[in-house]
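One-letter residues, chain by chain:
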Amino acid sequence: MRVAEDAMLRAYRLWHEHTRKCTDGCKGAGKALDGCETGRELWATYRRAYAGGSR
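The rules we used
- Residues numbered from 1 in each chain as written.
- Predicted model: local features only at pLDDT ≥ 70, side-chain atom pairs only at ≥ 80, totals over all residues.
- Heavy atoms only, no water.
- Helix = DSSP H or I, 4+ residues; strand = E, 2+ residues; numbered from the N terminus.
- Buried < 20%, exposed > 50% of the residue type's maximum accessible area, 1.4 Å probe, protein only.
- Contact = heavy atoms within 4.5 Å.
- Phe/Tyr/Trp six-rings, centres within 6.5 Å; stacked < 30°, edge-to-face > 60°.

### Quick notes on the environment of His18
With respect to the helices and strands, the residue His18 is situated in helix α1 (residues 7-21). By relative accessible area, which is 19% here, His18 ends up buried. Note: C-alpha distance between His18 and Leu42 (24 residues apart in sequence) is 8.4 Å. Excluding its chain neighbours within four sequence positions, the residues that come into contact with His18 are Cys26, Cys36, Thr38, Gly39 and Leu42.

Structure follows, in structure tokens:
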């Protein structure tokens, strides 16, 4: 049986994986908001999940 991944953790994982591969500004950016549009959207998804999630 596979346990469902928490929405907040999934959003963070997707953002993190993106930043490691992104050549449009996310890789090595000091802040999430300094990254590319896709990276900023992924970070916004994480922040929404964090605010409304299990915390």
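### Quick look at the packing of aromatic side chains
Considering all chains together, one arrives at 5 aromatic pairs under this definition. Ring geometry for Tyr46 versus Tyr50: centroids 6.0 Å apart, planes at 45°, classification tilted. Of this pair, Tyr46 and Tyr50 are both found in helix α2 (residues 37-52), 4 residues apart, which corresponds to roughly one turn of the helix. You can call Tyr46 buried: its relative accessible area is 12%. By way of ring pairs, the aromatic residues Tyr12, Trp15, Trp43, Tyr46 and Tyr50 are connected into one cluster.

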